[in-house]
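# A closer look at the structure
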Amino acid sequence: MAEVEEKHDENEAEPEESADLTEVEQELIDKLKREFEGKEWEISDDLYVRFARAFATEENRDQVTIEALDAAMKWRDEIKIDELVERRLGDVERHESYAKNWPFYFHGVDRQGHPVWIEQMGLAEPSELIKLGFTGDDVLDFHVVAQEQNEKLKEELSKKRNLLTYQHVAIIDMQGFGKKHMSKQFLTPAKQCIEMLQTYYPGTLYRMYIVNAPSVFRKVWTVVKRWIDPVAATKIRVLGEDFIEIMKEDINPSNIPEIYGGNCLIEDCTCTEWMTYTKYKKLHKRTRSWGRKKKQL
């Protein structure tokens, strides 16, 4: 399969999440393992680490973490997530139709080796999606699928470099954002996607750049920011058109598309990942970052 090409610097830093566990984190992980030992899921060590760190600022950290992990595993069962991915990616024509009207793709890695997710939200066409029969549930489903793809890519990168990598960088391009994006048709599914990511994939965001943000978006941002967890909000930078120097602090120019001021000619690029179901299945067989149900004897 086509892999996300890594154009790492020789002096590239290691992912922050690859740091050794603290004593407190290890104690919480041991507690989580005891809590979930008798349940129906096989949960990976990497997932325990992620959840153990995700709620470090919570007052009742242990209980909050246990409840969050339990809710995430039950949610995956309820929506039958493997079947969801197969169904959505298996319908190639519909998947491509959606992506055309809400563009997104993976593109290389940052200086620490985190995969970079680019979403051209300003080019999203809410009215066109409705005409094509897409609902708010469809929008949520496609973002769930994209996050599952992201999880697989991160675990692949972890294995390749032997460094735990469970976070990612997101570039949200607001070029073209206008009145059509301030309707309930757009904001309702957008809010649902934010809630889904925060609830079921906590601790996965390393940095988010919201670029080409027009003045009208900055007004909307005062509302949207209320939906975002305070810890996650500190990782988000809302920028106008003059963003490349700030972005280069995290991402080597060779991994930034030319349209954003980098050196990568995206039309000839091998580090852009368009995930098909065939590629996903290959990664799925090699990786298991999420827990799976235990086999019945």
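This text goes with the structure placed above it.
What this report covers is the structure whose coordinates are included nearby. All values derive from a computational prediction rather than experimental measurement.

### Looking at the overall build of the protein chain
When helices and strands are tallied, the protein chain shows 12 helices and 8 strands. The burial tally for the protein chain puts 51% of its 297 residues in the buried class. Contacts in the protein chain between residues at least 24 apart in sequence constitute 79% of all its contacts with a sequence separation of at least 6. If you sum the accessible surface of the protein chain, you get close to 15,000 Å²; carbon and sulfur atoms cover 49% of it.

### Some details on the pattern of salt bridges
Using the criterion set out here, one finds 15 salt bridges in the structure. Across the pair Glu-151 and Arg-50 runs a salt bridge, and its minimum N-O distance is 2.4 Å. Of the two residues, Glu-151 sits in helix H7 (residues 136–161) while Arg-50 sits in helix H2 (residues 45–54), which places them 101 residues apart along the sequence. Overall, the relative accessible area of 3% leaves Arg-50 in the buried class. As a salt-bridge pair, Arg-88 and Asp-141 come within 2.7 Å of each other at their nearest N and O atoms. One end of the pair, Arg-88, is in helix H4 (residues 81–90); the other, Asp-141, is in helix H7, and 53 residues separate them in sequence. Note on accessibility: Arg-88 and Asp-141 belong to one class, buried. If you follow the salt bridges from partner to partner, you end up with Arg-88, Arg-94, Asp-138 and Asp-141 in one network.

### Concerning the packing of aromatic side chains
Within the structure shown, the criterion is met by 15 aromatic pairs. For the cation-ring pair, Lys-39 lies above Phe-36, with the distance from its terminal atom to the ring centre recorded as 4.8 Å. Geometry around Phe-134 places Arg-94 over its ring, the cationic atom sitting 3.9 Å from the centre.

### A word on the pairing of strand S4 (residues 168–173)
Taking burial as the measure, the 6 residues of S4 include 6 buried ones, the bulk of the element. Of the two faces of S4, both are covered, the one formed by His-168, Ala-170 and Ile-172 as well as the one formed by Val-169, Ile-171 and Asp-173. Bridging between strand S3 (residues 115–119) and S4 involves 4 bridges; their strand directions are parallel. Paired with Glu-119 across the bridge in S4 is Ile-172. Crossover connection from S4 via helix H8 (residues 184–200) to parallel strand S5 (residues 205–211): handedness right-handed.

### Comments concerning the packing of helix H5 (residues 92–101) against H7
Two packed helices can be described by the angle between their axes and the distance between those axes. Orientation of H5 relative to H7, taken along the N-to-C sense of each, is 100°, at an axis distance of 12 Å. Comparing their axes, H7 and H5 come out roughly perpendicular. The residues of H7 that touch H5, namely those facing Arg-94, His-95 and Tyr-98, are Asp-138, Val-139, Phe-142 and His-143. Considering only residue class, the contact of H5 with H7 consists of 3 nonpolar, 2 polar and 2 charged.

### Overview of the packing of helix H1 (residues 23–36) against helix H3 (residues 61–78)
Two elements in contact, H1 and H3, have axes whose closest approach is 11 Å; the angle formed by their N-to-C orientations is 45°. For the element pair H1 / H3, the angle class is oblique. Where H1 crosses over H3, the handedness of that crossing is right-handed. Residue-level contacts link Val-24, Glu-25, Leu-28, Lys-31, Leu-32, Glu-35 and Phe-36 of H1 to Arg-61, Asp-62, Thr-65, Ile-66, Leu-69 and Asp-70 of H3. Each residue belonging to the contact of H1 with H3 can be placed in one class, and the counts come to 6 nonpolar, 1 polar and 6 charged.

### Some words on the environment of His-181
With respect to the element layout, His-181 can be found in the loop between S4 and H8. Residue His-181 is classed as buried on the basis of its relative accessible area of 0%. Polar contacts involving the side chain of His-181 include one to the main-chain carbonyl oxygen of Ala-124, which spans 2.8 Å.

### Topic: H7
An ideal rise of 1.5 Å per residue puts 38 Å on 26 residues; H7 measures up with 38 Å between its terminal C-alpha atoms. Within H7, 20 of the 26 residues are buried, leaving the element largely enclosed by the surrounding structure. Directly beyond the C-terminal end of H7, a positive phi value near 55° is found at Asn-162.

Rules used in this analysis
- Residues numbered from 1 in each chain as written.
- Predicted model: local features only at pLDDT ≥ 70, side-chain atom pairs only at ≥ 80, totals over all residues.
- Heavy atoms only, no water.
- Helix = DSSP H or I, 4+ residues; strand = E, 2+ residues; numbered from the N terminus.
- Buried < 20%, exposed > 50% of the residue type's maximum accessible area, 1.4 Å probe, protein only.
- Contact = heavy atoms within 4.5 Å.
- Areas by Shrake-Rupley, 256 points an atom, 1.4 Å probe, with all protein chains shown as cover.
- Salt bridge = Lys/Arg side-chain N within 4 Å of Asp/Glu carboxyl O.
- Phe/Tyr/Trp six-rings, centres within 6.5 Å; stacked < 30°, edge-to-face > 60°.
- Lys NZ or Arg CZ within 6 Å of the ring centre and 35° of its normal.
- Pairing = 2+ DSSP bridges.
- Right-handed = clockwise from strand over helix to strand, strands pointing away.
- Axes fitted to C-alpha atoms, helices over the stretch in contact; angles between N-to-C directions.
- Parallel < 35°, antiparallel > 145°, perpendicular 65-115°, else oblique.
- Nonpolar A, V, L, I, M, F, W, Y, C, P; charged D, E, K, R; others polar.
- Left-handed = near helix turned anticlockwise from the far one by under 90°.
- Polar contact = N/O pair within 3.5 Å; in protein donor to acceptor, adjacent residues only side chain to side chain.
- Expected span 1.5 Å × (residues − 1).

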